[in-house]
Amino acid sequence: MRYKRLLVKLSGEALMGQYEFGIDPTMVSNLAGELKDLRQAGVEVGVVVGGGNIFRGAGLAKAGIDRVSADHMGMLATVMNALALQDGLQRLGTSAGVMSLLDMPQVCDRYTQRDARRRIASGEIMIFAAGTGSPYFTTDTGASLRAIEIQADLMVKATKVDGVYDRDPVKHEDAIKFEQLDFDQAIDQRLAVMDVAAMILCNDNALGLVVCNINEPGILLSLAKGELVGTRVIPQEAKA
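Predicted, not measured: the structure shown is a model, and the values here were computed from it.

1. Description of the pattern of salt bridges
And then number 1: Counted according to the given criterion, the structure contains 12 salt bridges.
And then number 2: Between E124 and R119 there is a salt bridge whose closest N-O contact spans 2.9 Å. One exposure class covers both E124 and R119, and it is buried.
And then number 3: Between R167 and D174 there is a salt bridge whose closest N-O contact spans 2.6 Å.

2. Some remarks on the nonpolar core
And then number 1: Ranked by internal contacts, the top residues of the largest apolar core, which has 42 residues, are L10 and L35.
And then number 2: Setting aside residues no more than four positions away along its own chain, L35 makes contact with V8, V45, V47, L85, L89, I125 and L220.
And then number 3: F128, A143, V193 and C202 belong to the second largest nonpolar core, which has 28 residues in total.

3. Here we look at the sheet that holds strand β3 (residues 96–100)
And then number 1: An order of β4-β3-β5-β2-β1-β6-β10-β11-β9 is seen for the nine strands of this open sheet, with the pairing classed as mixed. Across the chains shown, the open sheet's two edge strands, defined by having one partner strand only, are β4 (109–110) and β9 (180–182).
And then number 2: Across the sheet, helix α1 (residues 25–40) touches β1 (5–10), β2 (44–49) and β5 (125–129), and the angle it forms with β2 is around 155°.
And then number 3: In the packing of helix α4 (residues 113–121) onto the sheet, contacts are made with β1, β2, β3, β4 and β5, and the angle to β5 comes to roughly 150°.

The rules we used
- Residues numbered from 1 in each chain as written.
- Predicted model: local features only at pLDDT ≥ 70, side-chain atom pairs only at ≥ 80, totals over all residues.
- Heavy atoms only, no water.
- Salt bridge = Lys/Arg side-chain N within 4 Å of Asp/Glu carboxyl O.
- Buried < 20%, exposed > 50% of the residue type's maximum accessible area, 1.4 Å probe, protein only.
- Core = buried A, V, L, I, M, F, W, Y, C linked by side-chain atoms within 4.5 Å.
- Contact = heavy atoms within 4.5 Å.
- Pairing = 2+ DSSP bridges.
- Helix = DSSP H or I, 4+ residues; strand = E, 2+ residues; numbered from the N terminus.
- Axes fitted to C-alpha atoms, helices over the stretch in contact; angles between N-to-C directions.

Have a look at this one:
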């Protein structure tokens, strides 16, 4: 494996599968299988999962709900998704834990950087829920932060598209896919990679990112082997 430790960011929508909202158990099983294969190949794995399939804090806030309350609801949605993914992994015989910066001891463990690193190094797949634990931050920012804290070699944003395009490929057939770009380009061109805070965190901490389609079987394992998949977003330090 080219990469020893990965942080995989899964959108909440990735868990919807055939449904318009909520959690598709079949999709959860498929994702768990991909993560299991990655771990069995010797890669240490951390996962951050979004909550957009259940609630989006920003969307609720626009609808009139207090922003802090809306973001806390969104964080709780990520906890539900994390528990579903943990269950899928455990049913496959893979050791997995859920950590959160929101205290809920009956549901999951309290996140600490030290425990997260120790458990990942021991072979457990750790799922980080509730984003940063604070309102006004997206799960993309939470994923970047966790990737840096656990000293991941690479962050993977697993989406429904096969990379980063100059415009929405669903709406524009002539959209151009980037094979590689740097974070400054992504920010300057306002490309839909991650929110700006997340990209600045990655760039400042020399953390590379790959955006890929999680619905392609075996793509995480291919990526861990160093194969060129999706779009690679590199920090300025790596470019130099």
